[in-house]
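# Reading the structure
Residue strings, one per chain:
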Amino acid sequence: MAEEVDYEALPSNAGLAVNMFAGALAGITEHAVMFPVDSIKTRMQVFATSPAAVYTGIGNAFTRISSTEGVRALWRGVSSVILGAGPAHAVHFGTYEAVKELAGGNSGGNQWLATSLAGASATVASDALMNPFDVVKQRMQVHQSEFRSVFTAIRVVYRNEGLGAFYVSYPTTLTMSVPFTAVQFTVYEQIKRLLNPKGEYSPLTHVIAGGLAGGVAAGVTTPLDVAKTLLQTRGSSQDPEIRKVGGMKDAFRIIWQRDGLKGFGRGLSPRVLTHMPSNALCWLSYEFFKVAIRE
C-alpha cells in the first residue's frame, strides 16, 4: 500500500514554482465558486440613481436580478476574474511564502509579525496585477451594464477614461487589501496552529481557519471596499458627482454625505458571506494543490 502523504510534514517552503502554481489554481477556484454573491455585493454597494438598482438584502437582490435579468447576469464579469485571478494569486502566494521564509515565519512559535509582513507584501504585488481586472469585473457586474465582453470593456474604458481608470482605485485597494491580507494570514496561521498543533493531515483545519480568517478580515475592511467600488464604477454612474470622484478622500465624503455611517457598511453581509467560504476553499485548495503538484 502506498505511504500516505502528510502535507503538513512537508518542508514549509515548498518551492516558488509550486507555491505560485498552487496559488493560481486556488485563486481561480475561490473566485469562480463565489462569484454570484460577489456580484450582489457590488450591486448593493453602488449608489444607484434608479430605484430598480437598489437592493435591500442578499435575498432581495438574488430574486430581483434572477427574475428581471436572468441568473446568468450574476455571472457577468467572471471571465475577467478568471483571467486575472490566476496570475495575481500566483504572485500573491509566491510572494507570501518567500517573504514568510525570509522573515522567519516558518520557525516555531508565534510568528505573527512575519506572517503579517508576508501577507502585506503579497498584497502589494498581486493587487498591481489584479486591479485592472477587478475594475472590468465591477463594470460588468453593475445594473444595466453595457458590457458583455471583457475585451470590449477594456477597450471602451481605456478609450473613454484612459489608463488611469484601471488604477484610480489602486491606492484604496491597497489601503484595504494590506490590512485585509495581514489580518487574514495572521488569523489563519494562528487558528491553524491552535486547531492542529502537531501539524498532522487535517483538511478540516484549513477550512475552519480559512473561513474564520476570511470573515474577520472582510468585516474589518468593508468600509474601504465600499469606497473602492465607488471609484471602480464611477465611469458607469449616471451621477455627475460620482463620475468626477478623484480618489479615496472624495469617495469617503460622498459615502458620508449620501448615507452617513451606515453607508460604510454597504454590502457587509454578502462580502462576509463571500469571503468565509471562498477563503476556506482557497486555503483548502492551496494546501491540497501544493501537495498534489509535488507528488
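Procedures and definitions
Residues numbered from 1 in each chain as written. Predicted model: local features only at pLDDT ≥ 70, side-chain atom pairs only at ≥ 80, totals over all residues. Heavy atoms only, no water. Phe/Tyr/Trp six-rings, centres within 6.5 Å; stacked < 30°, edge-to-face > 60°. Helix = DSSP H or I, 4+ residues; strand = E, 2+ residues; numbered from the N terminus. Buried < 20%, exposed > 50% of the residue type's maximum accessible area, 1.4 Å probe, protein only. Lys NZ or Arg CZ within 6 Å of the ring centre and 35° of its normal.

Under the counting rule described, the total for this entry stands at seven aromatic pairs. Taking 6.4 Å as the distance between ring centres and 15° as the angle between the ring planes, the aromatic pair formed by Phe-35 and Trp-75 counts as stacked. Of the two residues, Phe-35 is situated in helix H2 (residues 35–45) and Trp-75 in the loop between helix H3 (58–69) and helix H4 (78–102); the sequence distance between them amounts to 40 residues. Taken together, a centroid distance of 5.2 Å and an interplanar angle of 90° make the contact between Phe-185 and Trp-283 edge-to-face. Highlighted residues: Phe-185 in helix H7 (residues 170–195) and Trp-283 in helix H11 (residues 268–294), separated in sequence by 98 residues. Accessibility assignment for this pair places Phe-185 and Trp-283 in one class, buried. Here the guanidinium or amino end of Arg-266 rests over the ring plane of Phe-47, the centre of that ring lying 3.9 Å away.

Within the secondary structure, Leu-102 sits in helix H4. Here Leu-102 falls in the exposed class, since its relative accessible area comes to 78%.

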